[in-house]
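Chain by chain, the residues:
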Amino acid sequence: MAGSGKTIMRHSLGTIATKLLHFGSRTATELVDDHVFEPRQQILLIIGHPRPESLSDSLAAAYAEAATAAGADVRVLRLRELKFAPSVTAAHISDQTLEPDLTRVQEWLQWCDHVALFYPTWWAGTPALMKGFLDRVLTPRFAFVETTGGTGFEGLLRGKSAQLVTTMDTPKLVYRWIVGRPGELAMRRGTLGFCGMSPVRVLNFGPVKSSTLEQRNQWIGQASVAGEIAASGLTRWEVVRRRLAAWLLAMRLQFYPMTWLAYTAGAMGTAQFNQAKFEWTTYLLGYVCLFFLELSTVFTNDVFDYESDRRNEWYGPFSGGSRSLVDERLTRSQLITGSWVAAFLSCVAGIVACGADGTSPGQSLIVLLVLAFLAIGYTVPPLKFSHRGLGELDVGLTHSVGVILCGYVLQTGGWRDAFPWILSFPLFLAILPSILLAGIPDRPSDEAAGKRTLCVRLGSRKTVVLAAVLSIAAVLSAIGSNGLPEANHAYRHIGWFVVPHSLWLISRLRRLYRRIDQPQRIDGTIAVALLFILWFVIVPVVNLAFGSVP
């Protein structure tokens, strides 16, 4: 086991531990009254070592002293002094009454901005005292909540950062690369991260057993620096990383590959069908235009679908929006600003692409403008297609005909040519099932927010039937279009892929139809429907890249 006791610390760190005992006995109010500091960060310092005068206590003393000197409001909690039962003995944790000490701890956890935990690493994990404390204090509806239907969890301690300061006898390289740092990962991801705390900083000190006085003093110095940093809140890099994570969440990048592949199929169709030279510069500029247009659209969707998203208890990775605004990761003004910036960059890239050599600027500009009109109008007033039962058709058209035509006309193709329309029709039909299915978990919140989606109008049961019919129609139209000379064999061999996939999708829809009476998340079925779409863009891209013109 790791950690240190009285023998190691008596000669080197006793004075600091004494300071900690004196510091911990003073309340935050007394510190303010003494004008020791002007409070900024509110830090809860938790010491999980079961023995007093340990190295963990001395590290905590240095951390607390530096944080206080830097202006933080620090409260100290020693788990060994609390009176509570460490084991969950009730049938469910929520049924076990909290002791007064744990009630106070929960109040302090709500109060703080930052939690610092000091404990030894024993048997590659936390001591029993720390484990029992976490089992009892991080209760449902306080630290986390189970989402409706029991399909996921949401941390309720978001906005708080944390620091782990652990001691161990295992060499750090062995603990990290051979043992796999299980205790650290369990605390960072399975406990604190699960409850929403981020970032979680980590300091590991060891091996303690063979350490010298000089080494231990260096560790105390590092703990002091960590306390000073904690008093300032998040570091610049942590702020940037948190903000970047919020924007990446809002971008919903999981939906972009399909747009890119459909655009690529349209662009390659011109080069193959018209025997034209493929213009890479124009191709890249065109996709930059589409990328930022889609970005602008998803940002505005979060803003103007806020009421529906806020009420949605059945949201998932494919429905219910990005949750960036609902969860307060980004503000309304930030998303609107981001939408305008993305729209501006889309315009710049589109204008440059339309002016490229060999491109017909007139028809290219018209196609891009119509696409932008339909995309932005999905949720933006006064159009709000998604609120009028036209949203599903809007998404289907923009992601099939719209993007394929963009790729085609920017590569010198004409919008009146048959090829892009023949290529688009099966894709349009294939897109609709996933969009319809995404409306099923959203239906209660959409209806409450006044949205009249097709799912709201038809009901969930009829929506499932329509999705099944459309998936069959997509398969038949793709196979049938392969015989048309204007299709340029873009859908050659597609039956081998889409027929079994459609059977898989329909089997899932049959099961869904039987249990559709109650609201529910259907992430798996939506994922199958989204994967179904990919065959209608991957197969044409491969055929156009390696096939020959008939």
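Residues numbered from 1 in each chain as written. Predicted model: local features only at pLDDT ≥ 70, side-chain atom pairs only at ≥ 80, totals over all residues. Heavy atoms only, no water.

Here strand S3 (residues 114-120) lies mainly inside the structure; 7 of its 7 residues are buried. Burial along S3 is two-sided: the face carrying His114, Ala116, Phe118 and Pro120 and the face carrying Val115, Leu117 and Tyr119 are both buried. Inspection of the sheet shows S3 paired to strand S6 (residues 161-167) by 7 bridges, in the parallel sense. Bridge pairing links Ala116 to Gln163 in S6. (Buried < 20%, exposed > 50% of the residue type's maximum accessible area, 1.4 Å probe, protein only. Helix = DSSP H or I, 4+ residues; strand = E, 2+ residues; numbered from the N terminus. Pairing = 2+ DSSP bridges.)

For the coordinates displayed, the defined rule picks out 21 aromatic pairs. Pairing Phe153 with Phe194 gives two aromatic rings, centres 5.5 Å apart and planes at 55°, and the pair type is tilted. With a gap of 41 residues between them, Phe153 in strand S5 (residues 153-155) and Phe194 in the loop between helix H8 (182-193) and strand S7 (200-205) connect regions that are remote in the sequence. Using a relative accessible area of 47% as the deciding quantity, one classes Phe153 as partly exposed. Three or more aromatic residues joined by ring pairs make a cluster, and in this case those are Tyr256, Tyr263, Phe278, Trp280, Tyr283, Tyr287, Phe291 and Phe292. Over the face of the ring belonging to Trp108 we find Arg104, whose NZ or CZ atom lies 5.1 Å from the ring centre. (Phe/Tyr/Trp six-rings, centres within 6.5 Å; stacked < 30°, edge-to-face > 60°. Lys NZ or Arg CZ within 6 Å of the ring centre and 35° of its normal.)

Looking at the protein, the pLDDT average stands at 87 and 90% of residues meet or exceed 70. Ignoring residues within four places in sequence, the model shows residues 1-39, a span with pLDDT below 50, making 77 contacts including any to other chains. (pLDDT = per-residue confidence, 0-100. Contact = heavy atoms within 4.5 Å.)

The next thing to look at is a positive patch on the surface. There is a patch of like positive charges on the surface, built from Arg510, Arg511, Arg514 and Arg515. Within the fold, Arg511 resides in helix H20 (residues 495-514). (Patch = residues over 30% accessible without salt bridge, like charges linked within 9 Å, V, L, I, M, F, W, Y side chains within 5 Å. Areas by Shrake-Rupley, 256 points an atom, 1.4 Å probe, with all protein chains shown as cover. Salt bridge = Lys/Arg side-chain N within 4 Å of Asp/Glu carboxyl O. Lys, Arg positive; Asp, Glu negative; His and termini not counted. Charge placed at Lys NZ, Arg CZ, Asp CG, Glu CD.)

With 81 residues, the main nonpolar core has Leu427, Leu437 and Phe536 as its most contacted residues. The element contributing the most residues to this core is helix H17 (residues 418-448), with 12 residues. Look past the residues within four positions of Phe536 in its chain and what remains in contact with it is Pro426, Leu427, Ala430, Ala474, Val475, Ala478, Tyr491, Ile494 and Val498. The next biggest cluster of nonpolar side chains, apart from the first, holds 31 residues, and it includes Ile46, Leu102, Leu109 and Val115. (Core = buried A, V, L, I, M, F, W, Y, C linked by side-chain atoms within 4.5 Å.)

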